[in-house]
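# Examining the three-dimensional arrangement
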Amino acid sequence: MRFVERFNAGTEGVTQRLRDGMAGGVLSFPLTSFREDGSLDLESYTAYLTAQVATAPGALFPACGTGEFSALDEDEYRAVVRTAVEVADGRLPVVAGTGYGWAQALRFARIAEEAGADALLVMPHYLVAAPQDGLVEQLRRIAAGTRLPLIAYQRGQVTFTAESVRRIAEIPTVVGLKDGHSDLDRLQRLTLAAPDGFLFFNGAATAEIQARAYATVGVPAYSSAVHAFAPEIADAFFAALRDGEEALAQELLRDFYVPLVELRDRAPGYAVSLVKAAARLRGLPVGPVRAPLTDPGPADLAGLEKILDAGLDLVGAARRRTV
């Protein structure tokens, strides 16, 4: 029996929408807008999300890593997910982040379900390493407490074996895996162990750098942090890979993506902080990051500005965006 045939109609429908979205475009992980005093700015967030959705990404993942999930309290999380659902208005799937231990993850999962999310991305649990049985049980516990389909996220202290992937795929509402380790040998083993129809996508910090390598093991879909501030660049790179425009793909990698990664690696937390800074450079209303993250200083901002301008020039996009 094919994997999708085991689902009820609701889960199967969401899974198919996600599959179609992954094939047709990058996955958007939007930033969360804060004011200078650190408070949540829903008006700006709505405007920012509207601009994101207008670019037609494959799916919308609010309140995940790029959206500073771990910095949100439950009321803020509810508002962020509800706003994303309202802005998406059924045009694309909305997959909300959840995480920590299974008990807290279920609290967020139920909030997301009430807010109208289509599915959940289960981010790595907090702090401690865990054996494979525990990783599987974590997903079982979350799945038992929500009707929403779940995508597991392996990153940091979470690494699944092939046998564990077989086990989590037997949980009726676990529909896929996001990979942030970039261990292609292991990932190939996971894709071969999974049943037909199980979703996989590349969740590396700057996924475009490794997009071609992931595709060689059967995982062409990827999330794009760059889409959060420069969807023109993210979409141009996706199209270049899809259409075999190797010259443009190489130029974007050499002159934009690699310099961006080199700058990102200078400080902890820059995988989010630089993304938010780049969005502000483009006039997008996202505000600062929340502690413990910190915004980049003047020297790194100047370097980021040059990198951003180079990427925008390559795809013929304007510096400022209108929201």
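Up top is the structure.
None of these values were measured; they are calculated from a predicted model. (Residues numbered from 1 in each chain as written. Predicted model: local features only at pLDDT ≥ 70, side-chain atom pairs only at ≥ 80, totals over all residues. Heavy atoms only, no water.)

## Some thoughts on the packing of aromatic side chains
In plain terms, the rule: Note on ring pairs: Phe, Tyr and Trp rings are taken, using the six-membered ring of Trp, and paired if centres are within 6.5 Å. Classes follow the plane angle, with under 30 degrees stacked, over 60 edge-to-face and the rest tilted. Exposure is judged per residue with a 1.4 Å probe applied to protein chains only, and the accessible area is read against the type maximum: over 50% gives exposed, under 20% gives buried, and values in between give partly exposed. Elements are defined by DSSP. Helices are runs of H or I of four residues or more, strands are runs of E of two residues or more, and each kind is numbered from the N terminus.
Overall, the coordinates contain eleven aromatic pairs when judged by the stated rule. Seen in terms of ring centroids, F69 and Y77 are 5.9 Å apart; in terms of plane orientation they differ by 75°. Their pairing is edge-to-face. One exposure class covers both F69 and Y77, and it is buried. Here F69 and Y100 contribute two aromatic rings whose centre-to-centre distance is 5.4 Å and whose plane-to-plane angle is 35°, an arrangement assigned as tilted. One end of the pair, F69, is in the loop between α2 (42–54) and α3 (74–88); the other, Y100, is in the loop between β2 (95–98) and α4 (102–115), and 31 residues separate them in sequence. Residue classification places F69 among the buried residues on the basis of a relative accessible area of 5%. Take Y100: its relative accessible area is 24%, and that puts it in the partly exposed class. Three or more aromatic residues joined by ring pairs make a cluster, and in this case those are F69, Y77, Y100 and F108.

## Regarding a nonpolar patch on the surface
So the rule is basically this: Think of a patch as exposed residues, more than 30% relative accessible area, with no salt bridge, where like charges cluster within 9 Å and nonpolar side chains (Val, Leu, Ile, Met, Phe, Trp, Tyr) cluster within 5 Å. A 1.4 Å probe and the Shrake-Rupley method give the accessible areas. Residues count as covered only by the protein chains that appear here. Every case where a carboxyl oxygen of Asp or Glu lies within 4 Å of a side-chain nitrogen of Lys or Arg is listed as a salt bridge.
On the surface, Y126, L127 and V128 cluster together to form a nonpolar patch covering roughly 370 Å² of accessible area. Structurally, the position occupied by V128 is in the loop between β3 (119–122) and α5 (132–144).

## Focus: the sheet that holds strand β4 (residues 150–154)
Applied cut-off: Here a strand pair is declared whenever DSSP counts at least two bridges between the two strands. Helix axes are fitted only over the stretch in contact, all axes being lines through C-alpha atoms; the angle between N-to-C directions runs from 0 to 180 degrees. The contact rule is simple, with two residues in contact once any of their heavy atoms fall within 4.5 Å.
The strand order across the open sheet built from five strands is β2-β3-β4-β5-β6, with neighbouring strands paired in parallel fashion. Two strands in the sheet have a free side with no partner beyond their single neighbour: β2 and β6 (199–202). Pairs of neighbouring strands in the sheet enclose a mean axial angle of 25°, with direction left out of account. Across four bridges, the pairing between strand β5 (residues 174–179) and β6 is parallel. Bridging across to β6, D179 finds its partner in N202. Across the sheet, α5 lies against β3 and β4, angled at about 155° from β4, the strand it touches most.

## Some details on helix α7 (residues 184–193)
Applied cut-off: In this description, the arc belongs to the directions extending from the helix axis to the C-beta atoms.
Residues of α7 that are buried include every one of L187, L190, T191 and A193, and no others. What you see down the axis of α7 is that its buried residues fit within an arc of 165°, all on one side. Along α7, the residues that are exposed and aim more than 90 degrees away from the buried face are R189 and L192. Its buried side turned inward, α7 meets β4, α6 (162–169), β5, β6 and α8 (211–216).

## Topic: the pairing of β5
Sheet faces and side chains relate simply in a regular strand, where the side chains alternate between the two faces. What counts, and what does not: For crossovers, right-handed means that the path from the first strand over the helix to the second runs clockwise, given strands pointing away from the viewer.
Counting buried residues along β5, six of its six residues qualify, which places the element largely inside the surrounding structure. With respect to chirality, the unit in which β4 leads through α6 into the neighbouring parallel β5 is right-handed.

## A few points about the pairing of β3
Here β3 shows no split at all, with A119 and L121 on one side and L120 and V122 on the other all buried. By the bridge criterion, four bridges tie β2 to β3 in an arrangement that is parallel. Each residue of the ladder has a partner; that of T98, found in β3, is V122. Each parallel crossover has a hand, and for β2 linked through α4 to β3 it is right-handed.

## A look at the pattern of salt bridges
Any two side chains of opposite charge can pair if their charged atoms end up close together. Under the counting rule described, the total for this entry stands at 19 salt bridges. Put simply, E76 and R290 hold a salt bridge, and the shortest N to O gap is 2.7 Å. Of the two residues, E76 sits in helix α3 while R290 sits in the loop between α11 (270–281) and α12 (298–315), which places them 214 residues apart along the sequence. We classify E76 as buried; its relative accessible area is 15%. Owing to a relative accessible area of 14%, R290 belongs among the buried residues under this scheme. For R264, the salt bridge goes to D265, with nearest N and O atoms at 3.0 Å.

## Section: the packing of α2 against α3
Using the following cut-off: With respect to orientation, any angle under 35 degrees is reported as roughly parallel, any angle over 145 as roughly antiparallel, any angle of 65 to 115 as roughly perpendicular, and every other angle as oblique. Crossings are classed by handedness, with left-handed meaning an anticlockwise turn of the near helix from the far one by less than a right angle and right-handed meaning a clockwise turn. Polar here means any residue outside two lists: the nonpolar Ala, Val, Leu, Ile, Met, Phe, Trp, Tyr, Cys and Pro, and the charged Asp, Glu, Lys and Arg; Gly therefore counts as polar.
Direction vectors running N to C along α2 and α3 enclose 40°, while the axes themselves pass 10 Å from each other. Compared by their axis directions, α2 and α3 come out oblique. Crossing of α2 against α3: the hand is right-handed. On the side of α2, the interface is formed by L42, Y45, T46, L49, T50 and V53, while α3 contributes A79, V80, T83, A84, V87 and A88. Residue composition of the contact of α2 with α3, grouped by class: nine nonpolar, three polar and no charged.

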